[in-house]
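Tertiary structure, described
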Amino acid sequence: MPLPDPLPAEALAWRCPEEELGFETTAELPDLADTIGQERAVEALAFALATRRPGYNVYALGPDGIGKHTTVLQLLEARAKAEPPSGDWCYVSNFKDPRAPKLLRLPPGRGAKLEADVKRLLMDLLPALRNAFENEEYRTRRQVVEEELKERQEKAIAEVEEEAKRHSVALIRSPMGFAFAPVADGRVLTPEIFQALPESIRKQIEQTVENLQKKLRDALANAPRWMKETREKIKALNDETAAFAVNFLFETIRPAWSDLPDVIAFLEAARVDIIEHVEAFLQLPEQIGPAALAIEDGHPLFRRYRVNLIVDHTGQTSAPVVLEDDPTFERLVGRIEHRAEMGALVTDFLMIRAGALHRANGGYLVIEARKLLTRPLAYDALKRALTSREIRVESPLQALGVLGTQTLEPEPAPLDVKVVLLGERLLYYLLVELDPEFARLFKIPADFDERLPRDASKVSLFSRLVATVARKEGLKPVRRCGVARLLEHAARRAEDREKLSTEIEHLADVLREADFRAGPAPLIDRAAVDAALEARDRRLGRLKERALEQIVEGTVQIATSGEAVGQVNGLSVIQLGDLAFGRPSRITARVRMGSGQVIDIEREVKLGGPIHSKGVLILSGFLAATFTPDLPLSLSATLVFEQSYGGIEGDSASSTELYALLSAIAEVPIRQSLAVTGSVDQYGNVQAIGGVNEKIEGFFDLCAARGLDGSHGVLIPATNVRHLMLHARVREAVAAGKFKIWPVRTIAEGIEILTGIPAGVRGPDGRFPEGTVFRKAEDRLVALAEKRKAFAAREGEERAKREEEGS
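Every value quoted in this text rests on a predicted model; they were computed, and no experiment measured them. (Residues numbered from 1 in each chain as written. Predicted model: local features only at pLDDT ≥ 70, side-chain atom pairs only at ≥ 80, totals over all residues. Heavy atoms only, no water.)

1. Some words on the overall build of the protein chain
Each helix and strand counted, the protein chain has 29 helices and 30 strands in total. Counting over 807 residues, the protein chain shows a buried share of 47%. Long-range pairs, those at least 24 residues apart, make up 77% of the contacts in the protein chain between residues at least 6 apart in sequence. Here the protein chain displays about 40,100 Å² of accessible surface, and carbon together with sulfur accounts for 53% of that area. (Helix = DSSP H or I, 4+ residues; strand = E, 2+ residues; numbered from the N terminus. Buried < 20%, exposed > 50% of the residue type's maximum accessible area, 1.4 Å probe, protein only. Contact = heavy atoms within 4.5 Å. Areas by Shrake-Rupley, 256 points an atom, 1.4 Å probe, with all protein chains shown as cover.)

2. Looking at the pairing of strand β17 (residues 444-447)
Side-chain alternation along β17 places I444 and A446 on a buried face and P445 and D447 on a face that remains uncovered. Examined bridge by bridge, strand β1 (residues 58-61) and β17 share 4 bridges and lie parallel to one another. What sits directly across from L61, in β17, is D447. (Pairing = 2+ DSSP bridges.)

3. Some remarks on the sheet that holds strand β8 (residues 321-324)
Strands sit in the order β8-β13-β16-β1-β17 across an open sheet of 5 strands; the sheet is parallel. The strands lining the two open edges of the sheet, one partner per strand, are β8 and β17. For this sheet, the mean inter-axis angle between neighbouring strands, taken without regard to orientation, is 20°. With 4 bridges connecting them, β1 and strand β16 (residues 418-423) associate as parallel partners. Looking across to β16, one finds that A60 is bridged to L422. Most of the contacts of helix α1 (residues 39-50) go to β17, to which it runs at about 150°, and overall it touches β1, β13 (364-368), β16 and β17. (Axes fitted to C-alpha atoms, helices over the stretch in contact; angles between N-to-C directions.)

4. Observations regarding the pattern of salt bridges
Any two side chains of opposite charge can pair, given that their charged atoms come close. Counted under the stated rule, the structure contains 54 salt bridges. A salt bridge links E324 to R359; its shortest N-O distance comes to 3.1 Å. Placement of E324 in strand β8 and of R359 in helix α12 (residues 356-360) is noted, with a sequence separation of 35 residues between them. Exposure remark for E324: the relative accessible area of 3% places this residue in the buried category. (Salt bridge = Lys/Arg side-chain N within 4 Å of Asp/Glu carboxyl O.)

5. Remarks on helix α2 (residues 68-81)
For α2, built from 14 residues, the straight-helix expectation of 20 Å at 1.5 Å per residue is met to within 8% by its first-to-last C-alpha distance of 20 Å. When we look at burial in α2, the residues that qualify are K68, T71, V72, L76 and A80. Looking down the long axis of α2, one finds its buried residues gathered within 160° of arc, a one-sided arrangement. Turned more than 90 degrees off the buried face of α2, the exposed positions are A78 and K81. Those residues of α2 hidden inside the fold are in contact with α1, β1, β8, β13 and β16. (Expected span 1.5 Å × (residues − 1). Arc of directions from axis to C-beta.)

6. Re the nonpolar core
Ranked by internal contacts, the top residues of the largest apolar core, which has 43 residues, are Y59, L332, L357, L365, L382 and L421. Residue contributions to this core peak at 6 residues, all from helix α14 (residues 378-388). Not counting residues up to four positions away in its chain, the partners in contact with L382 are L332, L357, I367, L372, V419, L421 and F442. In this structure, L658, A664, I747 and F774 belong to the second largest nonpolar core, which totals 40 residues. (Core = buried A, V, L, I, M, F, W, Y, C linked by side-chain atoms within 4.5 Å.)

7. What about the sheet that holds strand β3 (residues 102-106)?
Strand pairing within a sheet occurs via backbone hydrogen bonds; the two strands may be parallel or antiparallel. In spatial order, the strands read β3-β2-β7; together these 3 strands make up an open sheet with antiparallel pairing. The outermost strands of the open sheet, each flanked by one partner alone, are β3 and β7 (308-311). Sheet twist, expressed as the average angle between the axes of neighbouring strands with direction ignored, equals 30°. Pairing between strand β2 (residues 88-92) and β3: 5 bridges, direction antiparallel. In the strand pairing of β3, Y91 is matched with L103.

8. What about the side chain of K695?
Take K695: it is sitting in helix α26 (residues 692-706). At a separation of 3.3 Å, a polar atom in the side chain of K695 contacts the side chain of T677. Ignoring sequence-local partners within four residues, the contact set of K695 consists of L571, S572, V573, G582, S652, T677, I689 and G690. (Polar contact = N/O pair within 3.5 Å; in protein donor to acceptor, adjacent residues only side chain to side chain.)

9. Comments concerning the packing of aromatic side chains
According to the stated counting rule, one finds 15 aromatic pairs in the structure shown. Ring centres of F622 and F627 lie 6.4 Å apart, and the angle between their planes is 85°; this geometry places the pair in the edge-to-face category. One aromatic cluster in this structure is built from Y59, Y428, Y429, F438 and F442. Between K443 and the ring centre of Y56, over which it is positioned, the NZ or CZ distance is 5.9 Å. Lying across the ring of W14, R454 places its NZ or CZ 4.0 Å from the centre. (Phe/Tyr/Trp six-rings, centres within 6.5 Å; stacked < 30°, edge-to-face > 60°. Lys NZ or Arg CZ within 6 Å of the ring centre and 35° of its normal.)

10. Describing the packing of helix α18 (residues 456-472) against helix α19 (residues 480-494)
α19 packs onto α18 with a crossing angle of 115° between their chain directions and a minimal axis gap of 10 Å. By the angle between their directions, the pair α18 and α19 is classed as roughly perpendicular. When the axes of α18 and α19 are compared, the crossing they make is right-handed. Each of V459, F462, S463 and V466 in α18 lies in contact with α19, whose residues at this interface are V483, L486, L487 and A490. Residues that form the contact of α18 with α19 fall into these classes: 7 nonpolar, 1 polar and no charged. (Parallel < 35°, antiparallel > 145°, perpendicular 65-115°, else oblique. Left-handed = near helix turned anticlockwise from the far one by under 90°. Nonpolar A, V, L, I, M, F, W, Y, C, P; charged D, E, K, R; others polar.)

11. Considering a nonpolar patch on the surface
A grouping of L426, L430 and L434 is seen on the molecular surface, where their side chains present a nonpolar patch of about 330 Å² in accessible area. Assignment of secondary structure puts L426 in helix α16 (residues 425-434). (Patch = residues over 30% accessible without salt bridge, like charges linked within 9 Å, V, L, I, M, F, W, Y side chains within 5 Å.)

12. A word on unusual backbone geometry
The residue R389 is not glycine, and still its phi comes out positive at about 60°. Relative accessible area serves as the criterion here: at 43%, R389 is assigned to the partly exposed category. Look at E667: it is not a glycine, yet its phi comes out positive at around 55°.

13. Things to note about the packing of helix α25 (residues 654-666) against helix α28 (residues 747-755)
At a closest axis distance of 11 Å, the pairing of α25 and α28 adopts a crossing angle of 60°. In terms of axis orientation, α25 runs oblique to α28. For the pair α25 and α28, the crossing hand works out as right-handed. Between α25, through S655, L658, Y659 and L662, and α28, the contact on the second element is made entirely by I747, G750, I751 and L754.

14. Concerning the side chain of H712
Position of H712 relative to the elements: it lies in strand β29 (residues 712-717). On the basis of relative accessibility, which here comes to 3%, the residue H712 falls in the buried class. A distance of 3.0 Å separates a polar atom in the side chain of H712 from the backbone oxygen of T560. For H712, the contacting residues outside a window of four places in its chain are T560, S673, L674, C703, G707, K738, F739 and K740.

15. Considerations on the environment of A413
Within the secondary structure layout, A413 lies in strand β15 (residues 413-414). Those residues within four positions of A413 in sequence are excluded, and the remaining contacts are W89, L103, H358, R389, E390 and I391.

16. Overview of the environment of I524
With respect to the helices, strands and loops of the structure, I524 is situated in the loop between α20 (504-517) and α21 (526-540). By relative accessible area, I524 is classed as buried at 0%. In sequence terms I524 and C481 are 43 residues apart; their C-alpha atoms lie 8.8 Å from each other. For I524, the residues in contact, after removing those within four places along its chain, are K476, P477, V478, R479, G482, L511, A514, D515, A518 and V529.

This is how it looks when you write it as structure tokens:
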């Protein structure tokens, strides 16, 4: 087979034909309303949003910077506009069980009105009660009740007192109570006079007093019952008076809520509770009044009746769309706050705060998946809410089942929300694999593609995208030559000349800098875009320059001239954040007689990853099948990346390692002015690899630093030609004949280019032609096999001799 020709400069990159763009500047283009190149994701989102069944939540997967956030929010907001606004949510006191506040759902905007109505009622309550209980009618009626008790008590005492008089005994009243004393001639007898009386008279008087005391006790025994009846009458009077004042206040607001039974029930419960606690209101100091209600930490008696509006949709005309940027446990499901009082933490229903699920209820909630998973308890809380379809406000300790400080147990809110998680693909696949609940709750994956086909329609849409970004960012219009350069850069970012990158955020960054680089010019042209890209490369290029310096100075030994046996220049890519650059590596191989092992030194010292080790093991399969198929592979070979001090992963250097191994076996030198990249299979086919542009440019920059003389070049897999989007400096050198790029399909093609010696094809005699690389390799392997056989025979004879002498 003839060797492939080096690629012409025109084949090294796609150049966008400016004349086919159909405009002069982006000022002529309309804005792009739809998302570009995300038909699959948009279709999935549309289906999920149209389905209100449980579990049809969405995971939008794809890398950052491709418009995932923007697209999702645009679709959600468009859908939300066609849906009614969600209702307001309020917590109010549960007067029967204060630890379990009740939840009220109201039409949008009416929550604030209820809060205002109740607050106004409370501000009017104390003055109304004081007026009712201080007017003359109430005082008169209460006085009548109290006088009635007094009259009954006086009447009972008076009857005893009259009887005492008939027996010449006086009833004496004192602060200590009642006492009886004998009387003579209208005067109470002194103790001395009483003792001077005859004993019979004294006993008669004592018996009389004892009888009177018994009658007095009997008369006063009814006093507690009379007092209880009086208190009941006063309570009834107070209730009647309070009801008159309170009912009037409640009747002023009740008609406005007649269509909401839950609100009416709350107002009725509050009315009854206020009447029951009217005495507590009347005992409040004079300074407690309307002004005190304006502060958050109002009097507990008033806080009991207030409304805690946790979600207010006043003025909203569509369903809510909430983007929660910090999805902690409490920011998702809400929290119960506490305040310090007398050295203790206390709370009430007014300190319940809404979470993102409350605000998004009836609409849509968007959350970053990685943030959700890194916040303790947040992911489980979201799953629990979606599964139970209710939002339970609780502390993290309660969620863990740990008993903590006694707190509230608010009534859960029914949940109707569509959740969209945004995250990378790896997280999605891990969640599907490791969490059975995830697939049940997030049934719809919306897969955003970072690349789109480069056809005429997509080029047109991309041009409109450039126009849209420029207008939204307030940038200068872009000439068509500038748009062409951006299209070429998008193809480079996509690592495929037939594709375009959808990294909208990166495009916007380049456009902003190109606008700056354009200076006073009214338009952004190709030169401004080139200047922006070069400036970005320079900002990130310190490590790349240092790596090149080390090679040029000889600290890291990479030869770019001459020939060497068992040594090939390999190419790798270093990726650090947004920086990616190619770095040549010296790969060497040594061969000796052995048992057929190809030892990967990187693997032996645990610097080689599994994919790299797999690539090395494939080499043994190629050698065994290609050479001496009827003889055992009798070599011991070592392969190593020289001066490599970090981990190595990937199989893109497996063809390079095979070239080095073939050179070492055949003892044929390899041109050091060339570098190689590509993986290989067991049949010797060279396969595509990633980062081909960075790899070529990395070796080109080294050769250019030492001086290009036309001998330098790179071997790449032929299947990578479509991925070439090389820098202009490489294309110019190729056009001038100073640098070459060969697309190779097989190891045979590659070894012939590297050595200048034909690889060789087996003839009718089953042997490779004399003088070819493969003939030299096979002869060497046959010789090693014969040596091994002879060595094994000699070793067997010596063993038999030792055994004979021992016997």
